[in-house]
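Listed here are the chains, written in short residue letters.
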Amino acid sequence: MLPLDDRLTAGTAVLLVCGLFAVLLVFCWEVRAIMHSLHPSLKAVEGLAATLVLFLVLFAGSYYLLDRSAPGSFSEPLNRTDALYFTLTTFTTVGFGDITALSQTARVLTMAQMTGGLLLVGVAARVLAGAVQAGLNRQRQESTVSQHFGAGTTEELEAGP
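Residues numbered from 1 in each chain as written. Predicted model: local features only at pLDDT ≥ 70, side-chain atom pairs only at ≥ 80, totals over all residues. Heavy atoms only, no water.

**Student:** Could you clarify how one ought to interpret the overall build of the chain in this entry?
**Tutor:** A tally of regular secondary structure across the chain gives five helices and zero strands. Listed N to C, the secondary structure of the chain is α-α-α-α-α in terms of helices and strands. Looking at the 161 residues of the chain, the share that counts as buried comes to 34%. Considering only contacts within the chain whose residues lie at least 6 apart along the sequence, 67% involve residues at least 24 apart. For the chain, the computed accessible surface area is about 9900 Å², with 69% contributed by carbon and sulfur atoms. (Helix = DSSP H or I, 4+ residues; strand = E, 2+ residues; numbered from the N terminus. Buried < 20%, exposed > 50% of the residue type's maximum accessible area, 1.4 Å probe, protein only. Contact = heavy atoms within 4.5 Å. Areas by Shrake-Rupley, 256 points an atom, 1.4 Å probe, with all protein chains shown as cover.)

Given below as structure tokens:
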């Protein structure tokens, strides 16, 4: 559904970098939302899903545009489904080998996806787990304060009469 009719140019390369930055911003926003959520574990699953989908679609679009602008970059021409398939096999490290990156540009882009995928799985999982823990700790503290001082949230208690 994305309007990917152009070829990979300097402008679309800048859009890729901006897209990666947007994935990072969405992830940071999700971490903050997790810490303040009433259901931090559920919010973490939602945040990881949103970040992961953006990351994968971004690379699938990049592979598709690269193949359109430089035919022969992959072992076979890529349509949108093939680009997503290649992205998922690379991300999951399955690598069936039916579609392979042939050009140097395609290989560099694939390596960038591999590195980003490792960071997304490793670092993001750690950060999300920390955010969930912080959210649960905040809830426990609010519950303890409310039980100790009576009904009301910490914000109501801080506001005073």
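Following the structure, the description resumes.
**Student:** Hey, could you run me through the nonpolar core in this one?
**Tutor:** It is characteristic of soluble globular proteins that their nonpolar side chains tend to be buried jointly. Ile34, Phe55, Tyr63, Phe74, Leu78, Phe86 and Leu109 are the most contacted members of the largest nonpolar core, which totals 27 residues. At the level of elements, helix H1 (10–35), helix H2 (40–69), helix H3 (80–91) and helix H4 (104–149) are the ones that each hand at least two residues to this core. (Core = buried A, V, L, I, M, F, W, Y, C linked by side-chain atoms within 4.5 Å.)

**Student:** Can you walk me through a nonpolar patch on the surface in this structure?
**Tutor:** Together, Phe21, Leu24 and Leu25 make up an exposed nonpolar region whose accessible area comes to about 310 Å². Take Leu25: it is sitting in helix H1. On the accessibility criterion, Leu25 (47% relative accessible area) is partly exposed. (Patch = residues over 30% accessible without salt bridge, like charges linked within 9 Å, V, L, I, M, F, W, Y side chains within 5 Å. Salt bridge = Lys/Arg side-chain N within 4 Å of Asp/Glu carboxyl O.)

**Student:** What's the story with the packing of aromatic side chains in this structure? I'm lost.
**Tutor:** Two measures describe an aromatic ring pair: the distance that separates the ring centres and the angle between the ring planes. Using the criterion set out here, one finds seven aromatic pairs in the structure. Judged by centre distance (5.2 Å) and plane angle (70°), the ring pair of Phe74 and Phe86 falls under edge-to-face. With Phe74 in the loop between H2 and H3 and Phe86 in helix H3, this pair connects stretches of sequence that are twelve residues apart. Taking the relative accessible area as the measure of exposure, Phe74 reaches 3% and is therefore buried. Ring pairing ties together the aromatic residues Phe55, Phe59, Tyr63, Phe74, Phe86 and Phe91, which thus form one cluster. (Phe/Tyr/Trp six-rings, centres within 6.5 Å; stacked < 30°, edge-to-face > 60°.)

**Student:** Quick question: what am I supposed to make of the side chain of Thr110 here?
**Tutor:** Here Thr110 lies in helix H4. Leaving out residues up to four positions away in the same chain, Thr110 has contacts with Tyr63, Phe86, Thr90 and Ala101.

**Student:** I keep staring at the packing of H2 against H4 and nothing clicks. Help me out?
**Tutor:** Their axes nearest at 9 Å, the elements H2 and H4 cross at an angle of 170°. In terms of their interaxial angle, H2 and H4 are classed as roughly antiparallel. (Axes fitted to C-alpha atoms, helices over the stretch in contact; angles between N-to-C directions. Parallel < 35°, antiparallel > 145°, perpendicular 65-115°, else oblique.)

**Student:** Even after reading the chapter, I still don't get the pattern of salt bridges, so can you show me in this structure?
**Tutor:** Any two side chains of opposite charge can pair if their charged atoms end up close together. With the rule as written, the count across this model stands at three salt bridges. Lys43 is the salt-bridge partner of Glu30, the closest N and O atoms lying 3.9 Å from each other. On the criterion of sequence distance, the pair formed by Glu30 in helix H1 and Lys43 in helix H2 is long-range, its members being 13 residues apart. Among the salt bridges present, the one from Lys43 reaches Glu46, with a minimum N-O distance of 2.7 Å. Of the two residues, Lys43 and Glu46 are both situated in helix H2; the distance of three residues between them amounts to about one turn of the helix. We classify Lys43 as buried; its relative accessible area is 17%. Ionic contacts of the salt-bridge type, sharing partners, join the residues Glu30, Lys43 and Glu46 into one network.

**Student:** What am I meant to see in the packing of H3 against H4 here?
**Tutor:** Helix-helix packing: each pair is described by the crossing angle between the helix axes and the interaxial distance. Direction vectors running N to C along H3 and H4 enclose 55°, while the axes themselves pass 9 Å from each other. As far as their axial angle goes, H4 and H3 are oblique. The handedness of the crossing between H3 and H4 comes out as right-handed. Here Phe86, Thr87, Thr90 and Phe91 of H3 lie close against H4, whose contacting residues are Thr110, Gln113, Met114, Gly117, Leu120 and Val121. Looking at the contact of H3 with H4, its residues break down into five nonpolar, five polar and no charged. (Left-handed = near helix turned anticlockwise from the far one by under 90°. Nonpolar A, V, L, I, M, F, W, Y, C, P; charged D, E, K, R; others polar.)

Geometric values such as these leave the question of function open.
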